[in-house]
Amino acid sequence: MLTIVPFETKYTQNFKNLNIAWITEYFIVEDKDRELLETSQYSIIDKGGYIFMGLWKNEPVGCFALIKKTDKRFELGKMAVNKSHHGLQIGQKLLMYAIDFAKNKNWDTLELYSSTKLDTALHIYKKYGFINVPLEDNLEYLRSDIKMELTL
């Protein structure tokens, strides 16, 4: 059973470990990753964003962040699920929670950056209504080669 809870400082290391694990499986950890993961309270929450943890039997097994871009636009990022819990639709439940949270806040748009290497993730994003939009120049991550948005 999955329970999704707001971030607390006791989850700082879990948030970091979950993200480092998936990033290093496919890519390399970049400077922007280190900034967000090592100072998550300051770099995400204190700037108006949110972090949520997915707990399976009270164990942190997934997470995501909503990073403030403007008052009505947030970036969905730092979404990760422990590999030992893949196949339980935890990622989809986290995504649905993020979308519902954004709608309840009356935000206009959720955006995300991803990689075309991540077929399963892209399929799920599309399933929930995200569409491809043009990618900007000078991105914060080398791995980002696709941008998607969901109009709420």
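Worth saying up front: this structure is predicted, and the values here are computed from it rather than measured.

### Brief notes about the packing of aromatic side chains
- Summed over the entire model, instances satisfying the criterion amount to 14 aromatic pairs.
- With a centroid separation of 5.2 Å and an interplanar angle of 65°, the aromatic rings of Phe52 and Tyr97 are classed as edge-to-face. A residue pair is termed long-range when its members are at least 10 positions apart, and Phe52 in strand β2 (residues 50–56) and Tyr97 in helix α4 (residues 90–104) qualify at 45 residues.
- Take Tyr97: its relative accessible area is 30%, and that puts it in the partly exposed class.
- Centre to centre, the rings of Phe101 and Trp107 are 5.8 Å apart; their planes meet at 75°, and the pair counts as edge-to-face. Side by side, Phe101 and Trp107 carry an identical accessibility label, which is buried.
- Through successive ring pairs, a cluster of aromatic residues spans Tyr50, Phe52, Phe64, Phe74, Tyr97, Phe101 and Trp107.

### Some words on the side chain of Lys147
- If you trace the backbone, Lys147 turns up in strand β7 (residues 146–151).
- Overall, Lys147 belongs to the buried group, its relative accessible area being 7%.
- A distance of 3.4 Å separates polar atoms of two side chains, one belonging to Lys147 and the other to Tyr113.
- Setting aside anything within four residues of it in sequence, one finds Lys147 in contact with Glu111, Leu112, Tyr113, Ile131, Asn132, Val133, Pro134, Leu135 and Glu136.

### Section: α4
- Compared with an ideal rise of 1.5 Å per residue, which puts 15 residues at 21 Å, α4 spans 21 Å between its outermost C-alpha atoms and is within 8% of the ideal.
- Once α4 ends, the next one or two residues include Asn106, with phi positive near 60°.

### Side note on the sheet that holds strand β5 (residues 109–114)
- Strand order in the open sheet formed by seven strands is β1-β2-β3-β4-β5-β7-β6, and the pairing between neighbours is mixed. A strand with exactly one partner marks an edge of an open sheet, and here the two such strands are β1 (2–6) and β6 (131–133). For this sheet, the mean inter-axis angle between neighbouring strands, taken without regard to orientation, is 30°.
- For β1 and β2, the ladder comprises five bridges, and the chain directions are antiparallel. By the bridge assignment, Ile4 is partnered in β2 with Gly54.
- Contacts from α4 reach β1, β2, β3 (59–68), β4 (73–81), β5 and β7, with the element oriented near 160° to β4.

### Concerning the nonpolar core
- Counting 28 residues, the largest nonpolar core has Phe64, Leu66, Leu76, Leu95, Leu110, Tyr125 and Phe130 as the members making the most contacts within it.
- Of all elements in the fold, only β1, β2, β3, β4, α4, β5, α5 (119–127) and β7 reach the threshold of two or more residues within this core.
- If near-sequence neighbours (up to four positions away) are discounted, Leu66 is found in contact with Ile44, Gly49, Tyr50, Phe52, Phe74, Glu75, Leu76, Ala98, Phe101, Trp107 and Leu110.
- With 21 residues, the next largest nonpolar core counts Leu18, Leu37, Ile51 and Leu55 among its residues.

### As for helix α2 (residues 31–38)
- Regarding α2, the residues found buried are Lys32, Asp33, Leu36 and Leu37. The buried side chains of α2 occupy one side of the element, clustering within an arc of 120° when seen end-on.
- Packed against the buried residues of α2 are α1 (12–26), α3 (40–45), β3 and β4.

### A look at the pattern of salt bridges
- In this structure the tally under the stated criterion is 15 salt bridges.
- For Glu30, the salt bridge goes to Arg143, with nearest N and O atoms at 3.4 Å. Here Glu30 is found in the loop between α1 and α2, whereas its partner Arg143 is found in the loop between β6 and β7, with 113 residues between them in sequence.
- A relative accessible area of 9% places Glu30 in the buried class.
- The buried category is assigned to Arg143, whose relative accessible area is 11%.
- Of the charged contacts in the structure, one is a salt bridge between Asp71 and Lys68, with a shortest N-O distance of 2.9 Å.
- Take Lys68: its relative accessible area is 35%, and that puts it in the partly exposed class.
- Here the salt bridges share partners, and the residues they tie into one network are Arg73, Glu111, Glu136, Lys147 and Glu149.

Reading the values: rules and limits
- Residues numbered from 1 in each chain as written.
- Predicted model: local features only at pLDDT ≥ 70, side-chain atom pairs only at ≥ 80, totals over all residues.
- Heavy atoms only, no water.
- Phe/Tyr/Trp six-rings, centres within 6.5 Å; stacked < 30°, edge-to-face > 60°.
- Helix = DSSP H or I, 4+ residues; strand = E, 2+ residues; numbered from the N terminus.
- Buried < 20%, exposed > 50% of the residue type's maximum accessible area, 1.4 Å probe, protein only.
- Polar contact = N/O pair within 3.5 Å; in protein donor to acceptor, adjacent residues only side chain to side chain.
- Contact = heavy atoms within 4.5 Å.
- Expected span 1.5 Å × (residues − 1).
- Pairing = 2+ DSSP bridges.
- Axes fitted to C-alpha atoms, helices over the stretch in contact; angles between N-to-C directions.
- Core = buried A, V, L, I, M, F, W, Y, C linked by side-chain atoms within 4.5 Å.
- Arc of directions from axis to C-beta.
- Salt bridge = Lys/Arg side-chain N within 4 Å of Asp/Glu carboxyl O.

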